[in-house]
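# Summary of the model geometry
These are the residues of each chain, in order.
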Amino acid sequence: MLLALGGPALVLRQRHGRGWIVDDVVTAVTVSGLVCLAAAVGLALTRRAPGPVARETALYVVVGVFTAVGAGVATWRVLDEQALVVAWSGLLGAYAAVALHVGLAVTARRRPPR
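Attention in this report is confined to the structure presented alongside it. (Residues numbered from 1 in each chain as written. Predicted model: local features only at pLDDT ≥ 70, side-chain atom pairs only at ≥ 80, totals over all residues. Heavy atoms only, no water.)

A separate point is the packing of helix 2 (residues 25-45) against helix 4 (residues 85-107). Here helix 2 crosses helix 4 at 25°, and the two axes come no closer than 7 Å. Here helix 4 runs roughly parallel to helix 2, going by the angle between their axes. In terms of crossing hand, the pair formed by helix 2 and helix 4 is left-handed. Between helix 2 and helix 4, the residues in contact are V26, V29, T30, G33, C36, L37, A40, V41, L43 and A44 and V86, A87, S89, G90, L91, G93, A94, A96, A97, L100, H101 and L104, respectively. (Axes fitted to C-alpha atoms, helices over the stretch in contact; angles between N-to-C directions. Helix = DSSP H or I, 4+ residues; strand = E, 2+ residues; numbered from the N terminus. Parallel < 35°, antiparallel > 145°, perpendicular 65-115°, else oblique. Left-handed = near helix turned anticlockwise from the far one by under 90°. Contact = heavy atoms within 4.5 Å.)

In contact at an axis separation of 8 Å, helix 1 (residues 2-12) and helix 2 are set at 165° when each is read in the N-to-C sense. Here helix 1 lies roughly antiparallel to helix 2, going by the angle between them. As for the relative orientation of helix 1 and helix 2, their crossing is left-handed in sense. The segment helix 1 lies against helix 2, with L3, A4, G7, P8, L10 and V11 engaging A28, V29, V31, S32, V35, C36 and A39. Grouping the constituent residues of the contact of helix 1 with helix 2 by class yields 11 nonpolar, 2 polar and no charged. (Nonpolar A, V, L, I, M, F, W, Y, C, P; charged D, E, K, R; others polar.)

In this section: the side chain of T75. Summarising the element assignment, T75 is placed in helix 3 (residues 53-81). Only 2.7 Å separates the side chain of T75 from the backbone oxygen of A71, close enough to count as a polar contact. Beyond its immediate stretch of four places on either side in the chain, T75 contacts L91 and Y95. (Polar contact = N/O pair within 3.5 Å; in protein donor to acceptor, adjacent residues only side chain to side chain.)

Another aspect to go through is the nonpolar core. For soluble globular proteins, the rule of thumb is that nonpolar side chains tend to be buried together. Judged by nonpolar contacts, L10, V11, V22, V25, V26, A28, V29, A74, V78, A83, A87 and L91 together constitute the single largest core of 12 residues. Contributions of two or more residues to this core are made by helix 1, helix 2, helix 3 and helix 4. A total of 4 residues in this core trace back to one element, the largest contributor, which is helix 2. One finds L43, V63, L104 and A108 within the second-largest nonpolar core, a separate group that totals 8 residues. (Core = buried A, V, L, I, M, F, W, Y, C linked by side-chain atoms within 4.5 Å. Buried < 20%, exposed > 50% of the residue type's maximum accessible area, 1.4 Å probe, protein only.)

Here we take up the environment of R77. Assignment of secondary structure puts R77 in helix 3. For R77, a relative accessible area of 12% gives the class buried. Linking R77 and A87, residues 10 residues apart in sequence, is a C-alpha distance of 9.9 Å.

Honestly, that's just the spatial picture; any functional story needs more than this.
Here you go:
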C-alpha cells in the first residue's frame, strides 16, 4: 500500500530537475512508473478472498485515482522537459498500473467464504 502511494509522490513535486527525493526527471518518472506497477501487481496478488466489497473497491479506486494523477503529472513533466525514451517506460508502467487498478475495482465482488 505504501508503494502505491509512494510511487506517484516521486513525480508530484518534480519540476526542472528539483524534486523531493530524486532530482532527475527521467529517473523520477521511470522509478515512479515501475513502483506504481509493482504496487498494482502486489495488490492484485494479495487480494483477499472473502470480505467487504465496498471497502475493497474504494481502496482500488482511491489508489487508482492517485496513480492516475501521478501518471498525468509524469506525462506533463516528460513532455515539458523533453525527456529521454527511458522515461516513457516509466509512463507505460504507470498507465498499466492505472489499468490494473481499474480492473481490480471493476471485478471486486462479494465472494462466498470458504
